[in-house]
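Here's the letter readout for the chains.
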Amino acid sequence: MDRYRELKQKIQQKTAKIGVVGLGYVGLPLTMEVVKSGYTVVGIDLDFDKIEKLKAGISYIQDVADQVVQECNATNRFLPTRDYRVIEELDALLICVPTPLNENQDPDTSYITAVVQQIKRYMKQGLLISLESTTYPGTTEELIQREIEKLGYQVGTDFFLCYSPERVDPGNRSFTTYNTPKIIGGTTEKCLELGSLLYGNLVQTVIPVSSPKVAEMAKLLENTFRSVNIAFVNEMALLCDKMGIDIWEVIKSAATKPFGFMPFYPGPGIGGHCIPLDPMYLSWKAKGFRFRSQFIEIAQSINVSMPDYVLNTTARVLNIYAKSINNSKILLLGMAYKPDIDDLRESPGLELYELFKRSGAVVDYYDPYAQSFVNKQGHVVRSISYDVEKMKRYDCMVLITNHRCFNYRELAELGVAIVDTRNAFDGIKCPNIYKIGSPIPTPEVKESQLA
Ligand code: SAJ
């Protein structure tokens, strides 16, 4: 029986042995889905601590409960391991490793190439490989197909290769790995058929496309769309500030249009593991085609300038009270990159912390989710505890992350000047609240308002 038929039968009968490389916020939820769907799964990760925790039935991912790990362990069809040699026994391998940027803001695909080196060492005839990591169009063919074909294997005959972008949104209770439609592109027809067959047993909806490049590009389009639109509304916030118009009211009213409009909101900058990074993969690859994506580059420059705008706005607010940033006590409210999670990656709050310190302020932060971080000097900075008497003694509080658990009315009524970068105090009328993207009164105007 040829490899294709053999593998097709194993996938249909769920006797295929599936490997998942990279047990992070993408790979672990996916691994749990594969176990739940009835397959035997090997979870491969180099992090000893992760493997030990999984063996002990402990989850380290917010969206995966310990109980789910324990249930998967109880099936005896889940093996967490650090040993890549298991590839020799696998029928399919799903790759979910990080694709960060390097110090030059260029793609760092070293995690993918490291996995490919291991696959080459333990390659097995008939292996189905699916890359899930967000990356530039061409990666699947250039970094995986070419490398494995150097060993003499023919894609579509001796092994099968797909690209299926991850669409995990950490903390999203509505859309999970199972019910989020899964795009998949195959290097050959048979690759697409086998990949679609496997994913069809793992997730609710599979969206086959004509090639890995289409699938790679679709994911980047999704996230570049967000980066560009966030940057656009950030620029509109800067304009409204100049024009003395409240951008938040403008967006709220524009969003009443039931068609042809999608609201995005200004903020202190963009954080996370996707939106700040993914567009840079696309603009980097575009340069190889002598194509400069102006939208991506302009969006990036606007988004990365937002922390400076927040610093400047805070200076304008302190000026109303005849204070300067230098020697002021500043409290950042929230540090996570988006509400109700503990993830600090690329958070604009981290940049603002450094900017305020460099401007001579005494800076603290409060975030009930993100208890500490390591600053640029390598020191551990810890969140203060919630203490309204202490909070009254700050010269200004800057709302960075609009966690739902914050008591906004209590914070507003402390009387401390507040720079609100998320319109989190919407509906609370206090003269000490100042929103980005809206008029900041001059000292004279403020005096007349307070008179
Ligand atoms: N942000 C704004 N204004 C907005 C929306 C977001 O400033 O209108 C900021 C956020 O505060 C955050 C950053 O942008 O700092 C990114 O926010 P995000 O809502 O895009 O959240 P992420 O980074 O978790 O993006 C993920 C992505 N998921 C995947 O890549 C699989 C993204 O495609 C999703 O659309 C997004 O979640 C989501 O919708 O929650």
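Residues numbered from 1 in each chain as written. Predicted model: local features only at pLDDT ≥ 70, side-chain atom pairs only at ≥ 80, totals over all residues. Heavy atoms only, no water.

Focus on the overall build of the protein
The number of helices and strands found in the protein is 15 helices and 15 strands. In terms of overall size, the protein behaves like a compact globule, its C-alpha atoms giving a radius of gyration of 25 Å where 451 residues would be expected to give roughly 22 Å. Principal axes of the C-alpha set define a box for the protein whose edges measure 90 × 50 × 45 Å. A total of 451 residues make up the protein; the buried ones form 54% of that total. Sequence separation of at least 24 residues holds for 69% of the intrachain contacts in the protein that already meet a minimum separation of 6. Accessible surface, the protein as shown: approximately 20500 Å² in total, 53% of it carbon and sulfur. In the protein, 50 positive and 53 negative side-chain charges are present, and the distance between their average locations comes to 1 Å. (Helix = DSSP H or I, 4+ residues; strand = E, 2+ residues; numbered from the N terminus. Rg over C-alpha atoms; globule rule 2.2 N^0.38 Å. Buried < 20%, exposed > 50% of the residue type's maximum accessible area, 1.4 Å probe, protein only. Contact = heavy atoms within 4.5 Å. Areas by Shrake-Rupley, 256 points an atom, 1.4 Å probe, with all protein chains shown as cover. Lys, Arg positive; Asp, Glu negative; His and termini not counted. Charge placed at Lys NZ, Arg CZ, Asp CG, Glu CD.)

A few points about a nonpolar patch on the surface
On the surface, a cluster of nonpolar side chains totalling about 320 Å² of accessible area is made up of L239, M243, I245 and V250. You can see L239 is positioned in helix 8 (residues 212-243). A relative accessible area of 40% places L239 in the partly exposed class. (Patch = residues over 30% accessible without salt bridge, like charges linked within 9 Å, V, L, I, M, F, W, Y side chains within 5 Å. Salt bridge = Lys/Arg side-chain N within 4 Å of Asp/Glu carboxyl O.)

What to know about the packing of helix 6 (residues 139-149) against helix 8
At a minimum axis distance of 8 Å, the contact between helix 6 and helix 8 shows a crossing angle of 130°. Here helix 6 is positioned oblique relative to helix 8, judged by the angle of their axes. Here helix 6 contributes T139, T140 and E141 to the contact with helix 8, which in turn contributes P212, K213 and E216. Residue composition of the contact of helix 6 with helix 8, by class: one nonpolar, two polar and three charged. (Axes fitted to C-alpha atoms, helices over the stretch in contact; angles between N-to-C directions. Parallel < 35°, antiparallel > 145°, perpendicular 65-115°, else oblique. Nonpolar A, V, L, I, M, F, W, Y, C, P; charged D, E, K, R; others polar.)

Notes on the site of the ligand
Among the 17 residues in the neighbourhood of the ligand, the closest are listed as D169, N223, R226, Y265 and Y337. Contacts to the ligand include Y265, whose backbone N or O atom sits 2.7 Å from a nitrogen atom. In the environment of the ligand, an oxygen atom lies 2.8 Å from a nitrogen or oxygen atom belonging to the backbone of G271. When residues of the shell around the ligand are sorted by domain, at least three fall in each of domain 1 (3-210) and domain 2 (211-451). (Near = heavy atom within 4 Å. Polar contact = N/O pair within 3.5 Å; in protein donor to acceptor, adjacent residues only side chain to side chain. Domains from an automatic or database assignment.)

What to know about the packing of helix 1 (residues 3-13) against helix 7 (residues 189-200)
Taken N-terminus to C-terminus, the directions of helix 1 and helix 7 make an angle of 15°; their axes are 9 Å apart at the nearest point. Considering their axes alone, helix 1 and helix 7 lie roughly parallel with respect to each other. Along this stretch, helix 1 crosses helix 7, giving a crossing that reads as left-handed. Within the contact between the two elements, helix 1 uses Y4, L7, K8, I11 and Q12 and helix 7 uses K190, E193, L194, L197 and L198. Residues of the contact of helix 1 with helix 7, tallied by class, amount to six nonpolar, one polar and three charged. (Left-handed = near helix turned anticlockwise from the far one by under 90°.)

Section: the pattern of salt bridges
For the structure shown, the criterion picks out 26 salt bridges. E351 is paired through a salt bridge with K376; the nearest N and O atoms lie 3.6 Å apart. Note that E351 is positioned in helix 12 (residues 348-358) and K376 in the loop between strand 11 (372-374) and strand 12 (380-382), a separation of 25 residues in sequence. Look at E351 and you get partly exposed, because its relative accessible area is 29%.

Let's talk about the packing of aromatic side chains
Applying the stated rule across the entire model yields 10 aromatic pairs. A ring pair is formed by Y136 and Y281, whose centres lie 6.4 Å apart and whose planes are at 25°; its orientation type is stacked. Here Y136, found in the loop between strand 5 (128-131) and helix 6, pairs with Y281, found in helix 10 (residues 278-287); they are 145 residues apart in sequence, far enough to count as distant. By the burial criterion, Y136 is buried, and Y281 matches it. On the numbers, 5.7 Å between centres and 70° between planes, the contact of F225 with F264 is edge-to-face. Of this pair, F225 sits in helix 8 while F264 is found in the loop between helix 9 (247-254) and helix 10, placing the two residues 39 residues apart along the sequence. On the basis of relative accessibility, which here comes to 37%, the residue F225 falls in the partly exposed class. Residue class for F264 comes out buried when judged on its relative accessible area of 8%. Linked through ring pairs, Y366, Y386, F406, Y408 and F425 together constitute an aromatic cluster. (Phe/Tyr/Trp six-rings, centres within 6.5 Å; stacked < 30°, edge-to-face > 60°.)

Quick notes on helix 6
In terms of residue burial, helix 6 counts as a mostly covered element, since eight of its 11 residues are buried. Regarding helix 6, the residues found buried are T139, T140, E141, L143, I144, Q145, E147 and I148. Where helix 6 is buried, its residues touch strand 4 (92-95), helix 5 (110-122), strand 5, strand 6 (160-163) and helix 8.

Digging into the sheet that holds strand 15 (residues 433-435)
With respect to topology, five strands assemble into an open sheet ordered 10-9-13-14-15, the strand pairing being parallel. The open sheet has two edge strands with one neighbour each: strand 10 (362-366) and strand 15. Neighbour-to-neighbour, the strand axes of the sheet open up by a mean angle of 20°, direction not taken into account. As paired strands, strand 13 (residues 396-399) and strand 14 (residues 417-420) are joined by four bridges and run parallel to one another. When the bridges of strand 14 are listed, C396 appears paired with A417. (Pairing = 2+ DSSP bridges.)

Quick look at helix 1
Every α-helix carries 3.6 residues per turn, so stepping three or four residues along brings you back to the same face. For helix 1, the complete set of buried residues consists of Y4, L7 and I11. For helix 1, the arc enclosing every buried residue in end-on projection is 75°, short of the 170-degree limit, so these residues lie on one face. Residues of helix 1 that are buried in the fold lie against strand 5, strand 6 and helix 7. N-capping of helix 1 is provided by D2, with a side-chain oxygen placed 3.1 Å from the backbone N of Y4. Downstream of helix 1 by a residue or two, K14 has a phi angle that is positive, lying close to 60°. (Arc of directions from axis to C-beta.)

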